[in-house]
Amino acid sequence: MLLNRILLPFNLGQSGDPLASVAFSLAKRFGAELECLFPQPPLTWGVSYPNEALPPSAVEELLERARRTAEAAREQAQAHYEAWRVTYPGVESHFRAAEGHINDIVAHRARIADLTVFAPATSEKEAAFWRFVRDGALLSSGRPSLLVPPASAHEGLGQTVVIGWNDSIEVARAIAAARPFLTTAKRVRLVSVGGDDDTREGLADVKAVLERGRPAVETDIIASKGSVVETLMAETEKAEGGLLVIGAYSHWRWREWAFGGVTEHLLQNTRVPVLMVH
């Protein structure tokens, strides 16, 4: 499977330019179309109403002010996009602005994309936006997502692919979604954090399948270095052009929220690019 369409949701925060660098680079590498999506919340969300009742004319004035603010933001977002087009030539791309619930907008556009690129919710100012994007792309689209921390370099991304394997539906989907990267990677590592003879047998089965479409795949059972997620990130960090591939929310989502888990930790703290599918 090739990447034919990549979705880049963005806002006017600091994470936009680093994400654009990754998204445009991948679109150029795979010959994909890139959609730069600027989702905006409903107009009424930006209106602060006083406690006392207002006459209709005052309400309309507040709404008109919110419309002007939203329009100015759209114009600024399109200017960002036009600057990216100049910086990253040779990519088929377009700009789309949409108003509504951000998670619904992103989910709708992500369902017709092969990959959605988004940032972790690390900045307090941007955290709410990226949580909405995450919910739409990762939980409501059925399509793969690429989580990219701000410091990631786009050049060489995916030269080494590290697959965090366990015998789950989510990991099977993630491996299938990673095929474009697996096909072009210089090195593929299929690893399990801890395991037994059954784990080793499972790794061997997946290795045999993957090697039908590419050269040698390395398999390894590695000892945990503090936690599963920290171990997988450490393995990916030391690899050239490392990309981590995992299944998202292999456990119930409420359990990860309450007790912590691999997906929640990565969504907030990842130091490496992560390809994930739920």
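(A) Focus on the side chain of Thr116. For Thr116, the position within the fold is in strand 4 (residues 115-118). Those residues in contact with Thr116, other than ones at most four positions away along the chain, are Leu7, Pro9, Ala110, Ala137, Pro144, Ser145 and Leu146.

(B) Representation of the environment of Leu243 within the structure. The residue Leu243 is located in strand 9 (residues 242-247) in this model. Remark: the alpha-carbon pair of Leu243 and Leu275, spanning 32 residues in sequence, is separated by 7.2 Å. Non-local contacts of Leu243, meaning those with residues more than four positions away in its chain, are made with Leu146, Leu157, Gly158, Thr160, Val161, Val162, Phe181, Thr236, Pro273, Val274 and Leu275.

(C) The arrangement of the sheet that holds strand 2 (residues 33-40) in detail. Sheet architecture is open: ten strands sit in the order 3-2-1-4-5-10-9-6-7-8, paired in mixed fashion. A single partner strand is all that each edge strand has here, and the edge strands are strand 3 (93-99) and strand 8 (218-222). For this sheet, the mean angle separating the axes of adjacent strands, direction not counted, is 25 degrees. Sheet topology note: the strand 5 (residues 145-147)/strand 10 (residues 274-277) ladder contains three bridges and is antiparallel. Residue pairing across strands places Leu147 opposite Val274, the latter belonging to strand 10. Relative to the sheet, helix 1 (residues 16-30) contacts strand 1 (5-9), strand 2, strand 3, strand 4 and strand 5, its axis offset from that of strand 1 by approximately 170 degrees.

Here is what the cut-offs are and how they apply
- Residues numbered from 1 in each chain as written.
- Predicted model: local features only at pLDDT ≥ 70, side-chain atom pairs only at ≥ 80, totals over all residues.
- Heavy atoms only, no water.
- Helix = DSSP H or I, 4+ residues; strand = E, 2+ residues; numbered from the N terminus.
- Contact = heavy atoms within 4.5 Å.
- Pairing = 2+ DSSP bridges.
- Axes fitted to C-alpha atoms, helices over the stretch in contact; angles between N-to-C directions.

Scope: geometric values only; no functional claims are made or implied.
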